[in-house]
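Architecture and fold: a report
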Amino acid sequence: MAAQAGRDGLGWPPPHEAPRKRPSTSRTVSGAEPVVQAPGETSGVGRSRTGGAGAAAAGPVQATPRARQARSVARRGGEGLPGSAMSCDCSVRTMETPTTREPLKPMDPALQRWLQQNPFLVPLAHFEVQVRAAAEAVPVPVLALPPWSEHRLEHENGVPLLLGEPHGAPLRAAAAELLGPASERVVEVALPAPLAEGMKEVRAVLARPEARVEAIRWLLAGASPQAAPVQAALLQLLAWKCFGRLLAPVLEPFAAWRNGLRWGRSTCPLCGALPMMAHARGGERTLVCGCCSSRWRDAPPGCPHCGNRDTGRRARLESKASAGLRLDVCEACKGYLKVYTREGEEAVYLADWPTLAHDGLAVERGYIRRGASLWEL
Ligand SMILES: [Zn+2]
Ligand SMILES: [Zn+2]
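Residues numbered from 1 in each chain as written. Chains lettered and ligands numbered in written order. Predicted model: local features only at pLDDT ≥ 70, side-chain atom pairs only at ≥ 80, totals over all residues.

**Concerning the overall build of the protein chain**
Within the protein chain, the regular secondary structure consists of ten helices and six strands. With 377 residues in all, the protein chain has 50% of them scored as buried. The contacts of the protein chain with a sequence gap of at least 6 include a subset with a gap of at least 24, amounting to 71%. (Helix = DSSP H or I, 4+ residues; strand = E, 2+ residues; numbered from the N terminus. Buried ≥ 20, exposed ≤ 12 C-beta atoms within 10 Å, placed from the backbone. Contact = placed C-beta atoms within 7 Å.)

Here it is, written out as structure tokens:
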């Protein structure tokens, strides 16, 4: 991915060559396969979350101003973090949190290789690991959730699980409870100064129980930076890491249950966010949520952000240097989707943050990040 195979370092056409209007059929760049389509489409009713944890954003090697800026930010964000130097021997795998000394889970081998190839992502990797570790260090209650059948009517009416009542209410309450101790924990780890100061602000605000409830409400309402109770990017990241703890035992059984039902929407069936990524295999495209990591297959065809089904106004951007990852772009809403087309490296290509450079390239070409992401450029 880091090979300088193209004019922008990733082999993609420069902005002026990016597709704008297609006469009748979707055009691909660099010999792409046909655009995946399926019947039915919804309008762009989902929530697009922005304002991610951009203080640590970074991306693979690029020559563009935005990429240079992202790398610079990554370096600043990584100051003081283990492995923040621009070399990486994948010590992330055995890294210990500075204060807890609890060994972190081994990192996915594909992600390790990715970090070796893109060492400037290492500070971001550490930041993500540390925030996740803070949330994972807090004991979580065992929730006695009702049967899935109690969510069926909500599901059929398009209500995501977390916004519903039978399951959503206890999950929201538990997440609000977790936010308090998780924010206490995260200020104990060695974050770079700006992030550490920001997390202290988050902790101070979340000291009040009603503020934690309001924070979860804000999160699930779209996490608007303008309406954030405090430090939107950091609060959003921390809150989703808390939800991640609670949702770990829920994701698989919920997916198994809803596979037998129709969802038929582009929004996440669990949290309601618009997708940031997708996994395409054969003629099937699975959408991936950048917030809760849910995956769902039965989305309508065309653009997941605006419902545009006109193949003449959609295209794919592909590059031989970025084999396995393409961008599905929409000329109607200027949205885009990062699409992984292979198998085995999902930890890299479906995790959002390792491929933030591709977001930068898309934005430079005039596209807009309409999917919900925890990571701001
Ligand atoms: Zn989701
Ligand atoms: Zn669109």
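**Section: the packing of helix 3 (residues 122-136) against helix 5 (residues 168-186)**
Packing of helix 3 against helix 5 brings their axes to within 8 Å, and their N-to-C directions diverge by 130°. Taken together, helix 3 and helix 5 sit at an angle that is classed as oblique. Helix 3 and helix 5 meet at a crossing whose hand is right-handed. On helix 5, the residues that touch Val131, Ala134 and Ala135 of helix 3 are Leu178, Ala182, Arg185 and Val186. (Axes fitted to C-alpha atoms, helices over the stretch in contact; angles between N-to-C directions. Parallel < 35°, antiparallel > 145°, perpendicular 65-115°, else oblique. Left-handed = near helix turned anticlockwise from the far one by under 90°.)

**Quick look at the sheet that holds strand 3 (residues 295-296)**
Strand order in this open sheet of six strands is 3-2-1-6-5-4, and the pairing throughout is mixed. Here the strands that pair on one side only, and so sit at the sheet edges, are strand 3 and strand 4 (314-317). Direction of pairing for strand 1 (residues 277-281) relative to strand 6 (residues 336-340): parallel, over a ladder of three bridges. Along strand 6, the bridge assignment pairs Ala278 with Val339. (Pairing = 2+ DSSP bridges.)

**Considering the confidence of the model for the protein chain**
Residues at a pLDDT of 70 or more form 72% of the protein chain, whose mean pLDDT is 78. Confidence over residues 15-46 falls short of pLDDT 50; this stretch has 76 contacts with residues more than four positions distant or in other chains. Low confidence marks residues 54-104, where pLDDT is under 50. Its contacts with residues over four positions away, or in another chain, come to 137 contacts. (pLDDT = per-residue confidence, 0-100.)

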